[in-house]
Amino acid sequence: MSLYNLLKKNLPLFLLLVFCVPAAAQRKVLNGYVKDSHSDEPVPFASVYFAKTQRGKLTDSAGRFEFIFTEWPKDSLIISYVGYDNYNRFIDSNKDTINLLINLERAVSKRDVVVRSHVNKGLLLWSLIVKHKPQNDRYRFLNFGYQLYNKLELDLININREKMKEIKLLKPFGFIFDNVDSLSEDRPFLPVFLTETLSDYYYQKNPTRYREVIKASQTSGVNNESVSKLLGGMYQNINVYNNFIPVFDKQFISPASDNGDAYYIYKVPDTQFVAKRKFYHLTFTPKHLGENSFYGDCWVDAKTFAIQKMNLRIPKDANINFVSRLSLVQEYSLLNDSTWFLSKDKFIVDISPVGKSRLSFTGRKTTTYKDVLLNSEAVLDSLKLNRKQQEIVLKPDASMQADSFWKSSRHEELSKNEKAIYQMVDTLQKMPIFKKYTNAINFIGTGYKNVGNYQIGPWFNWISYDSLEGYRVRFDLGTNKYFNKNLYLSSYLAYGFSDKKFKGHAEAMYIFKRDPRLRLYGSYTDDLDFGQFYYDEVSTDNIFALAVRKQGVPRKFMRLKEEKLDLFKETKVGLSGTLVLDRKEYDPLIHLPPKSAFAPGKGDPLNTFEIQFKLRFAYLEKFLENNFFRTSLGSPYPIAEIKYTKGIAGILNSNYDYHKLSGSISDFVKIPPYGNISFNAYAGKTFGTLPFALLDVHPGNELHYYNKSAFNLMNRWEYISDKYAGINLEHNIGNGIFRFIPITRKLKFRQFWNAKFLWGSLSDANKQLNFTNGAIFQSLDGKTYMELGTGVDNILKVFRLDFVWRVLPRPLPVEQVRRFGVFGSFRLSF
């Protein structure tokens, strides 16, 4: 075939090649992905344009954009979005393709100027969101269920890799710093911790029931069942439709709150269409400085007024400690034409204990939801297995799932950094020097040190001083989980250099069952009676007590010998019972009536044998547990306790017959936005004529360190009763009045007040027995004892100052009692 005929038949193709090949050769492509620098979430519908030509477009719903040129424009690319600082970059290259990863930084929050208009579109849209909350909140369904994937990562930030490598103590761990991610040159980070859980979650509206079955769990460096349960989905649910959103132990006002107009300025800067569906862009900023509120934005479906995605930030002046930046993101997906359901939420926080430019931590929690069931019989069938309202089940093989299971089950693939964490932590745990360092840090922080199968400490009890013993030394030795995972043994031996006497204590505990708990405990004590102790009190057998004891208050000493045996049993619903057999022998030493002042009867004076039964009800109480002991994280309901004690004469030389009955109820109630209230109401009665040591001795405080459970202007042994009632009440307001003063708002001071009331009386028979021989005791005789207090909390983020007034009883000579006192204490909280 001739060339002419070939061109004639294929002319269209020929022309296409002639004109398109040069064009393809000159094609320049600019791709970009715009995301939030803190949350890593895409920024949709951001404006992307060139400064000179003003050629531009918007990022799509996934935060991406693309430009195609015949040649590079040699112009500045500007990206802008409400609430962020503008991004500016000059575009020129000798390459045909440029791929940009753009991190937008949130702009410093400022109070917006309120512009009055006839129609406030932002306020109108907010009111429509609130109006349609009953149709959009997921808790409107009779029941629902889903599969939940939860991932929590902890990173070290502000890492200076070269300086870290030069530190002598860290040189053995030089390989760790090879994992520092330097993609972001201004914020390199080192991933150090990762935990993942995969679970099935179920909810029923009426009666309210929750159930979570954790099918798989893996944590780098931690193997603790209670931690795995806390890191599941039961306790980490955030609902933007609620009036308040929890941020650590604080309650922040939601932008979708029923009263949001009192706290936020709302604006509608934009409207967009995605998949032929219209969305409004709503932004919000706090109206007032210092309030626990957010700034951010959300996209709202125009058809249902449901929130499709919400981005939340905390303002710089929010009253929260150690947090330099915090982002909350919640995203919803469309299940059908009108039903939006939660599909993803993220919580990202930068924690800076010593300043945001110093070594800090970033925590990233990502939760995704899939396989959603609505109003399903399958959900009800699973909830029928519950024995209580909320139940978390950790499957026995949850921590033993293979890598192949995780690869196929994760909702999203792990990043390069996340994959490296497991390998890095595994390597660290095999290094002897790493174990040495962690043991040293644990010893300093907790006071205890493991030595093989045994444990010594706490070190802060090794030396103390008092007027009776002089300098006192003490050594503790106990077993740990390596000795036996169910049997705990512990003892100490103490010696006073002035009284030249040894004292000691030994105890044993065996755990038969952990959930619900069943254990047997026994102890023997021969030591000074250091009185009632509370979790936040500085004990007198402690090196730190040397500096905080009140001057001029005679210290009372009494020696106590005690043998004790108790059986504790707990049920699934939070009801527990304790049966106690207890023998005590008291020997007053200084500033208390002597043992000789009390006559013997069926046994020796001040010698008693008791049988005690205690019932405690704490519904849905949560615990953080180690191998032997556990710490209560509280209950969403009041905690009630009742105790009956029977004293029996003639057993083991005991001398007294009596009955005691006491009870208490306590609660911690959040009342946002006005802080929280905690209270403890209690009462009791003793039936019998008894020496002072066996009556109800009201707790006093002889230290300058504030004790929340005692009467701080009352001395120990000042008041005794055989019938009493009382209440302790404290209201932590938050920043309160301090938010109106610029300097105290900046220092993040917090306000509180408290009140403590006590009513008590003593029978004539008990007065006659105890108010002799120059006794120091008093009875309230039905009068009210009252202390009122206020002060400043969160001084330097850790210190609290209490001003306490002893208001009642009156009249008393002013010189007999201290009517006012100043106390200090340490409180570590967000």
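Use the structure listed above.
Residues numbered from 1 in each chain as written. Predicted model: local features only at pLDDT ≥ 70, side-chain atom pairs only at ≥ 80, totals over all residues. Heavy atoms only, no water.

## Quick look at the pairing of strand S26 (residues 501-514)
In this sheet, S26 lies alongside strand S25 (residues 487-496) in antiparallel orientation, the contact comprising ten bridges. Directly across from alanine 494, in S26, lies its bridge partner lysine 503. Connecting the antiparallel pair S25 and S26 is a turn made up of four residues, with lysine 500 showing a positive phi of about 55°. As defined by bridge partners, S26 adjoins strand S27 (residues 517-528) across ten bridges and the pair is classed as antiparallel. If you follow alanine 506 over to S27, its bridge partner there is tyrosine 524. (Pairing = 2+ DSSP bridges. Helix = DSSP H or I, 4+ residues; strand = E, 2+ residues; numbered from the N terminus.)

## Quick word on the nonpolar core
Ranked by size, the top nonpolar core spans 68 residues in total, and within it Leu30, Phe65, Leu77, Ile79, Leu104, Phe294 and Leu328 carry the most contacts. One finds Leu560, Phe692, Ile720 and Phe777 within the second-largest nonpolar core, a separate group that totals 17 residues. (Core = buried A, V, L, I, M, F, W, Y, C linked by side-chain atoms within 4.5 Å. Buried < 20%, exposed > 50% of the residue type's maximum accessible area, 1.4 Å probe, protein only.)

## Considering the packing of aromatic side chains
The tally for this structure, following the rule as stated, stands at 50 aromatic pairs. Residues tyrosine 139 and tyrosine 203 carry aromatic rings whose centres are separated by 4.9 Å and whose planes lie at 90° to one another, so their mutual orientation is edge-to-face. Of this pair, tyrosine 139 sits in the loop between helix H4 (133-136) and strand S8 (143-157) while tyrosine 203 is found in strand S9 (residues 189-204), placing the two residues 64 residues apart along the sequence. The buried category is assigned to tyrosine 203, whose relative accessible area is 5%. When the centroid spacing of 6.1 Å and the interplanar angle of 20° are considered together, the rings of phenylalanine 617 and tyrosine 619 count as stacked. For phenylalanine 617, a relative accessible area of 35% corresponds to the partly exposed category. One aromatic cluster is present, formed by Tyr139, Phe144, Tyr146, Tyr201, Tyr203, Tyr210, Phe341 and Tyr369 through successive ring pairs. Above the ring of tyrosine 492, the side-chain terminus of arginine 474 is found at 3.8 Å from the ring centroid. (Phe/Tyr/Trp six-rings, centres within 6.5 Å; stacked < 30°, edge-to-face > 60°. Lys NZ or Arg CZ within 6 Å of the ring centre and 35° of its normal.)

## Quick word on empty space enclosed by the protein
By the definition in use, this model includes six cavities of 30 Å³ or more. Roughly 80 Å³ of internal volume is contained in the largest cavity. What lines the largest cavity is simply Asp36, Ser39, Glu41, Pro42, Val43, Pro44, Tyr81, Tyr84, Arg106, Asp297, Lys309 and Asn311. For the lining of the largest cavity, the per-class residue count stands at five nonpolar, two polar and five charged. Taken together, Ile238, Val240, Ile245, Met310, Leu312, Leu328, Val329, Gln330 and Asp345 form the lining of the second largest cavity. Every element with two or more residues in the lining of the second largest cavity is listed here: strand S16 (307-313) and strand S17 (323-334). By residue number, the principal contributor to the lining of the second largest cavity is S17, which donates three residues. (1 Å grid on protein atoms, 1.4 Å probe; cavity = no way out; pocket = protein on both sides within 12 Å on 5 of 7 lines; lining within 4 Å. Points joined across faces, edges and corners; volume = space filled by probe spheres on them. Nonpolar A, V, L, I, M, F, W, Y, C, P; charged D, E, K, R; others polar.)

## Thoughts on the pattern of salt bridges
As enumerated under the stated definition, the model contains 42 salt bridges in all. Note that aspartate 499 is salt-bridged to lysine 503, the shortest N-O span being 2.7 Å. According to the relative accessible area criterion, lysine 503 is buried, its value standing at 2%. With a shortest N-O distance of 3.0 Å, glutamate 563 and arginine 583 are connected by a salt bridge. One end of the pair, glutamate 563, is in strand S28 (residues 557-570); the other, arginine 583, is in strand S29 (residues 575-590), and 20 residues separate them in sequence. With a relative accessible area of 29%, glutamate 563 lands in the partly exposed category. In this structure arginine 583 comes out as buried when scored by relative accessible area, which is 13%. (Salt bridge = Lys/Arg side-chain N within 4 Å of Asp/Glu carboxyl O.)

## Regarding unusual backbone geometry
With an omega dihedral of -5°, the bond running from aspartate 515 to proline 516 counts as a cis peptide bond. Along the chain, proline 516 turns up in the loop between S26 and S27. A cis amide bond links leucine 808 with the next residue in sequence, proline 809, at an omega value of 5°. Tracing the chain through its elements places proline 809 in the loop between strand S41 (799-808) and strand S42 (820-826). Phi angles above zero are rare outside glycine, and lysine 500 is one such case at about 55°. The phi torsion at leucine 796 lies on the positive side, around 55°, for a residue other than glycine. By the secondary structure assignment, leucine 796 is in the loop between strand S40 (784-795) and S41.

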